[in-house]
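Residue-level structural notes
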Amino acid sequence: MATEPAGNKPAAHPDAPSPGEMRRALGQFASGVTVVTGLDAEGPVGFACQSFASVSLEPPLILFCADHRGRAWPRIRRSGRFTINVLHEDQTDLCARFGSSRGAKFDGLVWEPSGWSTPSLPGVLLRVHADVQSVHTAGDHDVVIGRVLELESVCDERPMVFFRGGFGLDAAPLPVRA
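Here goes a summary of the coordinates provided. (Residues numbered from 1 in each chain as written. Predicted model: local features only at pLDDT ≥ 70, side-chain atom pairs only at ≥ 80, totals over all residues. Heavy atoms only, no water.)

1. Comments concerning the nonpolar core
- Within the largest apolar cluster, 18 residues are counted, with the highest numbers of intra-cluster contacts made by Val 36, Phe 47, Phe 64, Trp 73, Ile 76, Phe 82 and Ile 84.
- Listing elements by their share of this core, those giving two or more residues are β3 (43–49), β5 (61–67), α2 (72–79), β6 (81–86), β9 (126–138) and β10 (141–153).
- Ignoring anything within four residues of it in the chain, the contact list for Ile 76 reads Val 36, Thr 37, Gly 38, Val 45, Phe 47, Arg 81 and Phe 82.
- Val 33, Phe 98, Phe 106 and Met 160 belong to the second largest nonpolar core, which has 11 residues in total. (Core = buried A, V, L, I, M, F, W, Y, C linked by side-chain atoms within 4.5 Å. Buried < 20%, exposed > 50% of the residue type's maximum accessible area, 1.4 Å probe, protein only. Helix = DSSP H or I, 4+ residues; strand = E, 2+ residues; numbered from the N terminus. Contact = heavy atoms within 4.5 Å.)

In C-alpha cells:
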C-alpha cells in the first residue's frame, strides 16, 4: 500500500462519493441526538451532535465527532471536560438551539452546572460526564475519545432519533439523485 509523505493530502479517488451522496446514503442509519456541553472562562458552550458512541466498558470510554471548523468544540477541547446530554423525542427545541450556527445557545436557557463543572441541560434522557482523553483528526472532523467520569440517568422518555434527514423513524425517504 502506498503512503503519502507527511503533510500531503492524498488525491480523492475519482469514484469517491460526493458529500451529498454520503449524506443521503448514511441518512439510512438512524442515530440518537445529543448536545455536547462544556464550560470555559467565556462561559457555557455547546453543540448538537449525532456522532456519539460507546467505545469501551473497561476503562469506561465514549466517543463523539466534532467539526473542527466549529466555534464550540475548540473551547470545549481547551477546557478538557464535557457532558454529553442525550435528548429525548420532545426536545427538538434544544436540538434546534444547539444545532444552529447563530445565536447564543444558552441565552434564556435554564441549566445547572454538574458536579464536574459542565453544563447539564434540563430533562434529558442521560448525561455522560467525561474528560477529553484523546483527539484524532479525521478529515474535517475530530474524533474525540472521552474517559467517563459519571453517568446520570435523568428520565425515561423515548429518545430523539435522526433518520433520513428528519426526526423520528417515520421520516420520508430522501430523494434519489442521479
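2. Some remarks on the packing of aromatic side chains
- For the structure on display, the rule yields five aromatic pairs.
- Seen in terms of ring centroids, Phe 64 and Trp 73 are 5.6 Å apart; in terms of plane orientation they differ by 90 degrees. Their pairing is edge-to-face.
- Owing to a relative accessible area of 0%, Phe 64 belongs among the buried residues under this scheme.
- Each ring, one from Phe 64 and one from Phe 82, has its centre 5.0 Å from the other, and the planes form 75 degrees; the classification is edge-to-face. Residue Phe 64 is found in strand β5, and its partner Phe 82 is found in strand β6; the two are separated by 18 residues along the sequence. The pair formed by Phe 64 and Phe 82 is uniform in burial state, with each residue classed as buried.
- One aromatic cluster is present, built from ring pairs that chain together Phe 47, Phe 64, Trp 73 and Phe 82. (Phe/Tyr/Trp six-rings, centres within 6.5 Å; stacked < 30°, edge-to-face > 60°.)

3. So, the pattern of salt bridges
- Across all of its chains, the model carries seven salt bridges by this definition.
- Notably, a salt bridge pairs Glu 152 with Arg 127, separated by 2.9 Å at the nearest N-O pair. Here the residue Glu 152 occupies a position in strand β10, and Arg 127 occupies one in strand β9, the gap between them amounting to 25 residues.
- Each member of the salt-bridge network shares a partner with another, and the members are Asp 67, Arg 69 and Asp 140. (Salt bridge = Lys/Arg side-chain N within 4 Å of Asp/Glu carboxyl O.)

4. Quick word on the pairing of β10
- With seven bridges connecting them, β5 and β10 associate as antiparallel partners. Along β10, the bridge assignment pairs Leu 61 with Arg 147. (Pairing = 2+ DSSP bridges.)

5. What about unusual backbone geometry?
- Cis geometry marks the peptide bond from Glu 58 to Pro 59; its omega dihedral reads 0 degrees.
- With respect to the element layout, Pro 59 can be found in the loop between β4 (52–56) and β5.

6. Observations concerning the sheet that holds strand β1 (residues 31–32)
- An order of β1-β11-β12 is seen for the three strands of this open sheet, with the pairing classed as antiparallel. Every interior strand has two partners, whereas the edge strands, β1 and β12 (166–167), have only one.
- Where β1 lies against strand β11 (residues 161–163), two bridges are found, and the strand directions are antiparallel. Note on β11: the bridge partner recorded for Gly 32 is Val 161.

7. Quick word on the side chain of Asn 85
- Note that Asn 85 resides in strand β6.
- Here Asn 85 falls in the buried class, since its relative accessible area comes to 0%.
- In terms of polar contacts, Asn 85 uses its side chain to reach the side chain of Thr 37, at 3.2 Å.
- Excluding anything up to four places from it in sequence, Asn 85 contacts Val 33, Thr 34, Val 35, Thr 37, Pro 119, Ser 120, Leu 121, Val 124, Leu 126 and Arg 127. (Polar contact = N/O pair within 3.5 Å; in protein donor to acceptor, adjacent residues only side chain to side chain.)

Coordinates in, geometry out; function isn't part of it.
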